[in-house]
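Summary of the model geometry
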Amino acid sequence: MIWQLMREQARAHRAYLGWTGTFIAATVALVVFVASTTLQQLAVEAYAERVFGLDGEWSRSIELGATYEDSGSAITRAELDTVLDEADADGARTAALHEVTGLGLRAPGATRFAAAGFPAAQLAADPAGVRGALAWDALLIEGRTPSRGEVVLDAAWARAVGIEVGDTVSAVWRDELADDPAWMQVASLTVSGLMRTSSDGRYTAHLPLALLEWEQSFDFGSSDHVEVAAARSTPALEAVPGWPGSPSVGGSPGMTVAVVLGLTAAVLALGLIGMAFAAGRAQAGQRTRWIATTRTLGARRRAIAGATLLEALATGAIAGVAAVALGWSAAWLDWTGFTATRPDALVPGLPPLPPWLALGALALALVLAGIVGAVPARLATRVSPAAALKPIAPVTAAERSPRVGSTTLTLVWAAAVAWSAIELEGWADAGLTGFTWAVAPVPIAAILSIVVLVRWTRAVTRAAGSRLERSSRPWAMSAGIALAGRPRQASTPAVVLALVTAALAGTQAWGALYGWALHGVEGAASVVAYAAWFPDALLYPARSSMGVANVSMIAVLGCGALALVALATHLATAAAHRDDAAAQSALGLTHREARLAHATTLGVPLALGVALGAAMGMFAAVAGFFGYASDAAIEVAPSVWQPGGVGPVWALEHASHAVVPVAGIVFIGLAWVALAAALAGALVRVGARERIAA
């Protein structure tokens, strides 16, 4: 019986299940793609370390001749060579890399010089000397390992300058400390082989552009920094001074994309759960009547609950399987496209899909489906069958008054923000040094800011509905009736979008203020808008000095995802309330006006959410600001100045420099809102009649 009930229930609510499953699949597919590409980036880095023999259980980063405080000892190159030779004799399989800083390799005939003073054709700067258990078979494309007087070159650079195995390159050096630094040729090296290149772009691993024989590498330059590792440790190796750890060969581009997409997936999941409470209320009305009918016909509450659970699990399972396939296929295409354009890069193959990732994605899909499916079911079961079959106001129209009034909440919030700002300002005056309880009120103010933003968004949505109801235009009156009749459903998408916009705008504003504090006009020099006609008060730094980047990209993807979820919610709500079409027809709305009413019903609350979120984000960034400013420099020693600490007061005085970055977030949000509203008007089914001219 449970199976039959589930089938009939799914058939009755297939539209709701369809868009729910689609967005669950999109969310989980993003998670699978992000996880897969992140794992592949880590695999690229691990593979490079393995090829160079630097992935063993023992490793050290050493400055030869330097005394380390933890051990009070130092080690010379000769002593290190002895330890490594003894470890190799014990089967430890050691490897070492010496970074030859300041040495360059110049191709024959390279006489032009770049602005930085380097020969224009000389790209193989800072080569490395190597010894030990390198995987030369995987590293070399052609040729052999270097001996004294020889060098292995990056294949891409060699081909770019027309060098082949057997040719000669010049090793050049310039002493930066000399009175008249000039490039000097210190050796001629024969090319013994060409090696695989660094991978750059989507997946990154930075490798030396040239490899030298270990001992000869110490004849060049003045750097004594080496990286050593061993497949297994020995007592002699454990006694070697230095810092544990392998060299970092990875890069940020691939990880940045992963972070952006990961945050987008999180925003989409948050929006999906939040929107479920909006669309769920619309579905609750339909489910209430359906459940009441089935119970009247003899179905037990346990059977209905089982059918609802089975429906949610089926939706989640289908969406999860589709998401795993979609996310993994996207990762495979991404990797295939990357390697196709870099055939000589030192990268591993694409590993199979990890079972734990597939199981985790399926579990996430089931959890999301359970949450989204449980909301309307829970609301529907709270109504008795007798009440559900009576022509009374639907469950979606009920709204309880808050326990704490809006005025009281706003006053408490204002007091918390003022307390937080005062404490931060005092900490800034003290130089932002040491641990302080000044930051204690910050999380309190942040939590209250979220609560206030939610309350204000709901309030302005109700006010907008009331204002539209009083309009003389039929389409505006219809939109106002819809907003006033279902305030929770109308305001929930706006609340979610307001919270996300506040986070994005606050991050953008805080980063802009921090960058302006450190660099001021100098930091704005590279901004495209930096021109004589542009107001000085609106200048902003080109990028934040705190590493806050890609906020705009996250805004594009995150706001876009939320706008599409809000659109699906609106369409599901419209399908669940077909009586609205009859009301529009009764009002005499034409098809155009009926579609305009639907666009207004969706667009107005979302636009208000974007505006309120941006304002709250900007306010929070100013009230919670702390940093160091060059225009508040303090003298820490005679004629020695450093930036001084600044707080909310400084941020308020310079808040205009964050206006343009925040306006960009607002523009992105409103653009997506406009698109969603236009699609709502175009896609929704409307009931209308053509007006008869008088």
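Residues numbered from 1 in each chain as written. Predicted model: local features only at pLDDT ≥ 70, side-chain atom pairs only at ≥ 80, totals over all residues. Heavy atoms only, no water.

This next bit is on the overall build of the chain. Assigned secondary structure in the chain consists of 21 helices and 13 strands. In the chain, which comprises 694 residues, the share counted as buried stands at 48%. The contacts in the chain between residues at least 6 apart in sequence include a share of 82% that link residues at least 24 apart. As displayed, the chain has an accessible area near 32200 Å², and 62% of this comes from carbon and sulfur atoms. (Helix = DSSP H or I, 4+ residues; strand = E, 2+ residues; numbered from the N terminus. Buried < 20%, exposed > 50% of the residue type's maximum accessible area, 1.4 Å probe, protein only. Contact = heavy atoms within 4.5 Å. Areas by Shrake-Rupley, 256 points an atom, 1.4 Å probe, with all protein chains shown as cover.)

Okay, the confidence of the model for the chain next. Residues of the chain with pLDDT of at least 70 account for 70%, and the chain-wide mean is 77. Below pLDDT 50 for its whole length, residues 111–123 participates in 25 contacts with residues either more than four positions away or in separate chains. Within the model, pLDDT remains below 50 along residues 688–694, and this stretch shows 16 contacts once partners closer than five positions in the same chain are excluded. (pLDDT = per-residue confidence, 0-100.)

The next point concerns the environment of A236. Relative to the helices and strands, A236 resides in helix α7 (residues 235–238). By relative accessible area, A236 is classed as partly exposed at 32%. The spatial distance from the C-alpha of A236 to the C-alpha of E86 is 8.3 Å, given a sequence separation of 150 residues.

Together, L39, L42 and W356 give the surface a local cluster of nonpolar side chains, amounting to about 300 Å² of exposed area. Within the element layout of this structure, L39 appears in helix α2 (residues 14–51). (Patch = residues over 30% accessible without salt bridge, like charges linked within 9 Å, V, L, I, M, F, W, Y side chains within 5 Å. Salt bridge = Lys/Arg side-chain N within 4 Å of Asp/Glu carboxyl O.)

One non-glycine residue with positive phi stands out, namely R93, at about 55°. On the secondary structure map, R93 appears in the loop between α3 (77–89) and β2 (94–99).

The topology assignment puts D334 in helix α9 (residues 301–340). For D334, a relative accessible area of 22% corresponds to the partly exposed category. Note: C-alpha distance between D334 and R202 (132 residues apart in sequence) is 8.7 Å. Other than its neighbours up to four places away in sequence, D334 contacts F33, T37, R202 and Y203. A polar contact is formed between the side chain of D334 and the side chain of Y203, at a distance of 2.6 Å. (Polar contact = N/O pair within 3.5 Å; in protein donor to acceptor, adjacent residues only side chain to side chain.)

Attention now goes to the environment of W19. Within the secondary structure, W19 is located in helix α2. Classification of W19 by relative accessible area gives buried; the value is 11%. W19 sits 546 residues away from V565 along the chain, and the two C-alpha atoms are 8.7 Å apart.

Before going further, it helps to spend a moment on the packing of aromatic side chains. Per the counting criterion, the structure on display carries eleven aromatic pairs. Here W413 and W456 contribute two aromatic rings whose centre-to-centre distance is 5.4 Å and whose plane-to-plane angle is 80°, an arrangement assigned as edge-to-face. Separated by 43 residues along the polypeptide, W413 in helix α12 (residues 406–429) and W456 in helix α13 (residues 441–469) bring together distant segments of the chain. A residue is classified by how much of its surface remains accessible, and W456, at 29% relative accessible area, is partly exposed. Residue placement shows R77 over the ring face of F218; its charged tip is 4.6 Å from the ring centre. (Phe/Tyr/Trp six-rings, centres within 6.5 Å; stacked < 30°, edge-to-face > 60°. Lys NZ or Arg CZ within 6 Å of the ring centre and 35° of its normal.)

Looking at the element boundaries, T501 is found in helix α15 (residues 487–519). Filtering out sequence-adjacent residues up to four positions away, T501 remains in contact with V610, G613, A614 and I665.

With that settled, consider the pairing of strand β9 (residues 184–195). Both strand β6 (residues 140–143) and β9 contribute to a ladder of three bridges, which runs antiparallel. Considered in β9, the bridge of G143 is made with G193. With five bridges joining them, strand β7 (residues 150–154) and β9 adopt parallel strand pairing. Paired with L153 across the bridge in β9 is L194. With six bridges connecting them, strand β8 (residues 168–173) and β9 associate as antiparallel partners. Looking at the pairing, A171 lines up with A187 of β9. (Pairing = 2+ DSSP bridges.)

Residues L103 and L105 line one face of strand β3 (residues 103–106) and the alternating positions G104 and R106 line the opposite face, and both faces are buried. Bridge count between β3 and β8: four bridges; the pairing is antiparallel. Note on β8: the bridge partner recorded for R106 is S170.

Looking now at the packing of α12 against helix α19 (residues 591–623). Viewed as axis vectors pointing N to C, α12 and α19 meet at an angle of 35°, and their least axial separation amounts to 9 Å. Across the interface between the two elements, W413, V417, A421 and L424 of α12 pack against M616, F619 and A623 of α19. Residues belonging to the contact of α12 with α19 are distributed by class as follows: seven nonpolar, no polar and no charged. (Axes fitted to C-alpha atoms, helices over the stretch in contact; angles between N-to-C directions. Nonpolar A, V, L, I, M, F, W, Y, C, P; charged D, E, K, R; others polar.)

This part covers α3. Helix length check: α3 (13 residues) gives 18 Å between terminal C-alpha atoms against 18 Å at 1.5 Å per residue, within 8%. Of the positions making up α3, those classed as buried are L80, D81, V83, L84 and A87. Take α3 and look down its axis: the buried residues cluster within an arc of 165°, on one side only. Structural note: α3 exposes A78 and A89 on the side pointing more than 90 degrees away from its buried face. Lining the buried residues of α3 we find β1 (58–63), β2, β5 (128–132), α6 (214–217), β11 (225–230) and α7. (Expected span 1.5 Å × (residues − 1). Arc of directions from axis to C-beta.)

In globular proteins that are soluble, nonpolar side chains generally tend to be buried together. Ranked by size, the top nonpolar core spans 26 residues in total, and within it F52, L134, W136, L139, L211 and L346 carry the most contacts. Elements with a minimum of two residues in this core: α2, β2, β5, α4 (136–139) and α9. Ranked by the residues each element gives to this core, the list is headed by α2, at four residues. Ignoring sequence-local partners within four residues, the contact set of L211 consists of F52, A128, V130, W136, L139, P146, E150, V151, V152 and M195. Judged by nonpolar contacts, the second largest core, of 21 residues, contains A512, M618, A621 and A629. (Core = buried A, V, L, I, M, F, W, Y, C linked by side-chain atoms within 4.5 Å.)

With that settled, consider the pattern of salt bridges. Oppositely charged side chains can pair when the atoms bearing their charge come close. As enumerated under the stated definition, the model contains nine salt bridges in all. Ionic pairing is found between D81 and R77, a salt bridge with its closest N-O pair at 3.6 Å. Placement of both D81 and R77 in helix α3 is noted, with a separation of four residues, approximately one turn of the helix. For D219, the salt bridge is made with R148, and the minimal N-O distance between the two is 2.4 Å. Here the residue D219 occupies a position in the loop between α6 and β11, and R148 occupies one in the loop between β6 and β7, the gap between them amounting to 71 residues. D219 sits in the partly exposed class, given a relative accessible area of 48%. Three or more residues joined by partner-sharing salt bridges are found here, namely R77, D81, D85, D88 and R131.

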